[in-house]
Amino acid sequence: MFQALILGLVQGLTEFLPVSSTAHLILFPWFFNWSGEVDTLTFDIALHGGTLLALLICFRRDWMDLILRKQKLLGLIILASVPAGIVGFLLNDFAEQHLRSPLLISIMLIVFGLLMLVSEKVFRYRDMDKITWADAVTIGVAQAFAIIPGVSRSGITISAGLFKGLEREAAARFSFLLSTPIIAGAGVLHLKDAFLHHETHNLQLFGVGFVSSFITGYIALRFLMKFLKKHPLNLFVYYRFGLAAVIIAGIWLRG
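Keep in mind the model is a prediction, meaning the values are calculated, not measured.

### Side note on the overall build of the chain
Of the regular secondary structure elements, the chain holds 11 helices and zero strands. The linear arrangement of helices and strands in the chain, starting from the amino end, is α-α-α-α-α-α-α-α-α-α-α. Computed over its C-alpha atoms, the radius of gyration of the chain comes to 18 Å, within 12% of the 18 Å expected for a compact globule of 255 residues. Across its three principal axes, the chain shows a C-alpha extent of roughly 50 × 40 × 30 Å. For the chain, with 255 residues in total, the buried portion stands at 51%.

Following this line, the structure appears as structure tokens:
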């Protein structure tokens, strides 16, 4: 139960902060030698379900606005979802089997952290209503790289938006709206795999993971949207560098 609580908290905090939730969910069991029910596909679905609910509640007004009045922007979100959807469908199993190395994660944390730093130097002048189909495609292609643990879906999409000249808050809002169909799609994909494996689990354990990821996800979203109105991504970049150093030290200590 304790492991489910901790992983739910980690998922909720890191799903939206630009530090890579997948990397943290891989690293925590690796650091502490955790296994069992918390290391299954269906538990992963529960965690993603919690953060998906947090997204829907936080951005409920935005979604109503998109559906009722801003269909063009809704179409751009759908368009931007296509690259990551294709990559996730085709390469999800490969990523699960071959892209979970702590060393790879540490490299991605550093490389894309540097990219985030550079993106903050770009002149920004456009709000979300000025997003074009070219912006949507660019941000969507960038999101596809988030299948690699350590990249961070929010980090790469916000950075792509900044490189395209979007204001930081606009880039973040588009990023989180874009994440809704992606997180939902990932949950459906994993749910299919769970049914194929006929897994049975402790529902109480999954409930703890779901609720904790929802609560911390909601808090993280509200915090980040306020934070990015006034502050750059640098704080999260420094965290990424520190985490990469801890991972490399852990690899060295383990021989």
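Once the structure has been displayed, the description carries forward.
### Side note on the packing of helix α7 (residues 133–144) against helix α8 (residues 153–163)
It is the contact of α7 with α8, at a shortest axis distance of 8 Å, that shows an interaxial angle of 155°. With respect to their mutual orientation, α7 and α8 come out roughly antiparallel. Once α7 is placed against α8, the crossing between them reads as right-handed. Residues Ile139, Ala142 and Gln143 of α7 form the contact with α8, whose participating residues are Arg153, Ile156, Thr157, Ala160 and Gly161. Classifying every residue of the contact of α7 with α8 gives four nonpolar, three polar and one charged.

### Looking at the nonpolar core
Formed by 47 residues in total, the largest nonpolar core has its most connected members in Phe59, Phe174, Phe176 and Phe236. Beyond its immediate chain neighbours, meaning those up to four positions away, Phe59 contacts Arg173, Phe176, Leu177, Leu221 and Met225.

### Some remarks on helix α2 (residues 21–32)
Compared with an ideal rise of 1.5 Å per residue, which puts 12 residues at 16 Å, α2 spans 17 Å between its outermost C-alpha atoms and is within 8% of the ideal. The set of residues buried in α2 consists of Ser21, Ala23, His24, Leu25, Ile26, Leu27, Pro29 and Trp30. Two or three places before Ala23, at the opening of α2, Ser20 has a side-chain oxygen 3.2 Å from that residue's backbone nitrogen.

### Digging into helix α1 (residues 2–16)
Counted at 1.5 Å a residue, the expected span for α1 with its 15 residues is 21 Å, and the 22 Å between its end C-alpha atoms agrees. All of the buried residues along α1 are Ala4, Ile6, Leu7, Gly8, Val10, Gln11, Gly12, Thr14, Glu15 and Phe16.

### A look at the layout of surface pockets
Considered as a void within the structure, the second largest pocket measures approximately 260 Å³ in volume. Among the elements of the structure, α3 (41–58), α4 (60–68), α9 (168–197) and α10 (203–230) are those that each provide at least two residues to the lining of the second largest pocket. Across the lining of the second largest pocket, the residue classes break down as six nonpolar, no polar and eight charged.

### A look at a nonpolar patch on the surface
A cluster of nonpolar side chains, contributed by Leu53, Ile57, Phe210, Val211, Ile215 and Ile219, occupies part of the molecular surface with about 460 Å² of accessible area. Elements with a minimum of two residues in the nonpolar patch: α3 and α10. The biggest single contributor to the nonpolar patch is α10, with four residues. When you line up the elements, Phe210 lands in helix α10.

### What to know about the environment of Ile45
Its place among the elements puts Ile45 in helix α3. C-alpha of Ile45 to C-alpha of Tyr239: the two residues are 194 residues apart in sequence and 27 Å apart in space.

Reading guide: rules and limits
- Residues numbered from 1 in each chain as written.
- Predicted model: local features only at pLDDT ≥ 70, side-chain atom pairs only at ≥ 80, totals over all residues.
- Heavy atoms only, no water.
- Helix = DSSP H or I, 4+ residues; strand = E, 2+ residues; numbered from the N terminus.
- Rg over C-alpha atoms; globule rule 2.2 N^0.38 Å.
- Buried < 20%, exposed > 50% of the residue type's maximum accessible area, 1.4 Å probe, protein only.
- Axes fitted to C-alpha atoms, helices over the stretch in contact; angles between N-to-C directions.
- Parallel < 35°, antiparallel > 145°, perpendicular 65-115°, else oblique.
- Left-handed = near helix turned anticlockwise from the far one by under 90°.
- Contact = heavy atoms within 4.5 Å.
- Nonpolar A, V, L, I, M, F, W, Y, C, P; charged D, E, K, R; others polar.
- Core = buried A, V, L, I, M, F, W, Y, C linked by side-chain atoms within 4.5 Å.
- Expected span 1.5 Å × (residues − 1).
- Polar contact = N/O pair within 3.5 Å; in protein donor to acceptor, adjacent residues only side chain to side chain.
- 1 Å grid on protein atoms, 1.4 Å probe; cavity = no way out; pocket = protein on both sides within 12 Å on 5 of 7 lines; lining within 4 Å.
- Points joined across faces, edges and corners; volume = space filled by probe spheres on them.
- Patch = residues over 30% accessible without salt bridge, like charges linked within 9 Å, V, L, I, M, F, W, Y side chains within 5 Å.
- Areas by Shrake-Rupley, 256 points an atom, 1.4 Å probe, with all protein chains shown as cover.
- Salt bridge = Lys/Arg side-chain N within 4 Å of Asp/Glu carboxyl O.

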